[in-house]
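So you can see what is in the structure, the chains are spelled out below.
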Amino acid sequence: MSERISFHDQISRNKLKSFFLILIVFAVLLALGYVIGLIMGPDYFVIIMIAAIIISLAYILISYYNSDKIALASVSAKPASQTEYRQYHNLVEGLTLASGMPKPRLYVMNNPQINAFASGRDPEHAVICVTTGALEKLDKQELEGVLSHELSHIANYDIRFMTLTAVMVGMIAIISQIFLRSLWFRGGNRDDNKGNAIFMIIGIILAILAPIVVQLVQFAISRKREYSADASAVMFTRSPTGLIKALKKIQNENPSPQQVQESRQKINKSIAPLFISNPFKTSMQELTSTHPPLKKRIEILERM
């Protein structure tokens, strides 16, 4: 028999792993900056950093403070009526009362697949959106499991955490692009680059590989946050049963090619990581996926 897992240990372990992964992103940023500084000179690198910070922060801050509006608009979500979706409201109210959290605004999106997402920069500005498929196909216990998972993302400030990651990943991508493009303008200026051939090669390789590496790290962080939200959901409900049953129903769903194509058209790829499961039902390798395999998530929950 498999060893039992404490949801407290699972939450702590995944938070530690997420912190370690973001340190890797920071280390790549420092390494890239150091090498570019050696090649181009500190003054030139300061200009690159300022440009990268301004562009990254402008884009991310707009997205961060409007994350809920952007996510809801992108899926054409509608506010969930208290009278029409009474059970939905009652379950969220019960979970928030038990946890001491403010009740998020509730929305519904028209999609036959079982899915849900949460967004918002903090618990006071949060939203939860579920699909019509989730409301129709899940029983009360299963829906509570899904909602507790989404509330966990809000309680854990996952949107804020992922925004910080996005800022750093975005900065690395911008710095790499500016550096690589600047090489074309500088051409083969031998006076500037004499004796720096090795550093130049290292810098080019690092500038090409760094955005790819940190993107993979970002995917890994996203997966760890899903594991943490699963564990926190168990803490909210004191039982993994509802979430396990819901994830099994999602796993057993077999949407038609037309439904998958409609999801691709209606759901922006940038918000796909927010969902409890991949809305595109692709068979991507785990390394390049924003979601852990459902089978693995279920196995962990069954040991709690």
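Residues numbered from 1 in each chain as written. Predicted model: local features only at pLDDT ≥ 70, side-chain atom pairs only at ≥ 80, totals over all residues. Heavy atoms only, no water.

1. As for the sheet that holds strand β1 (residues 78-79)
Strand order in the open sheet formed by 4 strands is β1-β2-β4-β3, and the pairing between neighbours is mixed. Here the strands that pair on one side only, and so sit at the sheet edges, are β1 and β3 (116-119). Relative to strand β4 (residues 127-131), strand β2 (residues 105-109) is paired through 5 bridges, and the arrangement is parallel. Residue Y107 lies in a different strand from β4, and its bridge partner there is C129. Sitting on the sheet, helix α3 (residues 67-74) is in contact with β2, β3 and β4, with an inclination near 155° to β3. The strands that helix α4 (residues 86-99) touches are β2 and β4; relative to β2, the one it contacts most, it runs at about 140°. (Pairing = 2+ DSSP bridges. Helix = DSSP H or I, 4+ residues; strand = E, 2+ residues; numbered from the N terminus. Contact = heavy atoms within 4.5 Å. Axes fitted to C-alpha atoms, helices over the stretch in contact; angles between N-to-C directions.)

2. As for helix α10 (residues 241-252)
Between its terminal C-alpha atoms α10 stretches 17 Å, which fits the 16 Å expected from 12 residues at 1.5 Å a residue. Buried within α10 we find G242, L243, I244, A246, L247 and I250. (Expected span 1.5 Å × (residues − 1). Buried < 20%, exposed > 50% of the residue type's maximum accessible area, 1.4 Å probe, protein only.)

3. Remarks on the confidence of the model for the protein chain
Across the protein chain, the average pLDDT comes to 79, with 77% of residues at 70 or higher. Confidence, expressed as mean pLDDT per element, reaches its minimum in the protein chain at helix α8 (residues 190-193) with 49 and its maximum at β1 with 96. (pLDDT = per-residue confidence, 0-100.)

4. What to know about the packing of α10 against helix α12 (residues 294-302)
Their axes nearest at 10 Å, the elements α10 and α12 cross at an angle of 160°. Viewed along their axes, α10 and α12 adopt a mutual orientation that is roughly antiparallel. Crossing of α10 over α12 shows left-handed handedness. For the pair formed by α10 and α12, the contact residues are L243, I244, L247, K248, I250 and Q251 on the first element and L294, K295, R297, I298, L301 and E302 on the second. Of the residues in the contact of α10 with α12, the class split is 7 nonpolar, 1 polar and 4 charged. (Parallel < 35°, antiparallel > 145°, perpendicular 65-115°, else oblique. Left-handed = near helix turned anticlockwise from the far one by under 90°. Nonpolar A, V, L, I, M, F, W, Y, C, P; charged D, E, K, R; others polar.)

5. Comments concerning unusual backbone geometry
Where the residue is not glycine, phi is negative for most of them; where a peptide bond is considered, it is trans in most cases. With phi around 55°, S76 is a residue other than glycine that occupies positive phi space. One can find S76 in the loop between α3 and β1. On the accessibility criterion, S76 (52% relative accessible area) is exposed. The phi dihedral of R238 is positive, around 65°, even though this residue is not glycine. With respect to the helices, strands and loops of the structure, R238 is situated in the loop between α9 (197-237) and α10.

6. Looking at the pattern of salt bridges
Per the stated rule, a full pass over the model turns up 8 salt bridges. Across the pair K245 and D139 runs a salt bridge whose closest N-O atoms are separated by 3.5 Å. Residue K245 is located in helix α10, and its partner D139 is located in the loop between α5 (132-137) and α6 (140-155); the two are separated by 106 residues in the primary sequence. Here R297 and E226 are joined by a salt bridge, their closest N and O atoms 3.8 Å apart. Here the residue R297 occupies a position in helix α12, and E226 occupies one in helix α9, the gap between them amounting to 71 residues. E226 carries the same exposure label as R297, and that label is buried. A single network of salt bridges, built from pairs that share partners, joins E226, D230 and R297. (Salt bridge = Lys/Arg side-chain N within 4 Å of Asp/Glu carboxyl O.)

7. Here's the deal with the packing of α4 against α6
Where α4 meets α6, the axes come as close as 10 Å, and the angle between the chain directions of the two elements is 55°. By the angle between their directions, the pair α4 and α6 is classed as oblique. The way α4 lies across α6 gives a crossing that is right-handed. Touching Q87, Y88, L91, V92, L95 and T96 of α4 are K140, L143, E144, L147, S148 and L151, all from α6.

8. What to know about α12
Every α-helix winds through 3.6 residues per turn, so residues three or four apart in the chain are directed the same way. Inspection of α12 places L294, R297, I298, I300 and L301 among the buried residues, and these make up the whole buried set. When α12 is viewed along its axis, its buried side chains cluster within an angular range of 165° and face the same direction. (Arc of directions from axis to C-beta.)

9. Things to note about the environment of P104
With respect to the helices and strands, the residue P104 is situated in the loop between α4 and β2. For P104, a relative accessible area of 5% puts it in the buried group. Between the C-alpha atom of P104 and that of V92, which follows or precedes it by 12 residues, the distance is 8.2 Å. Excluding its chain neighbours within four sequence positions, the residues that come into contact with P104 are V92, T96, A126, V127, I128, L151 and I154.

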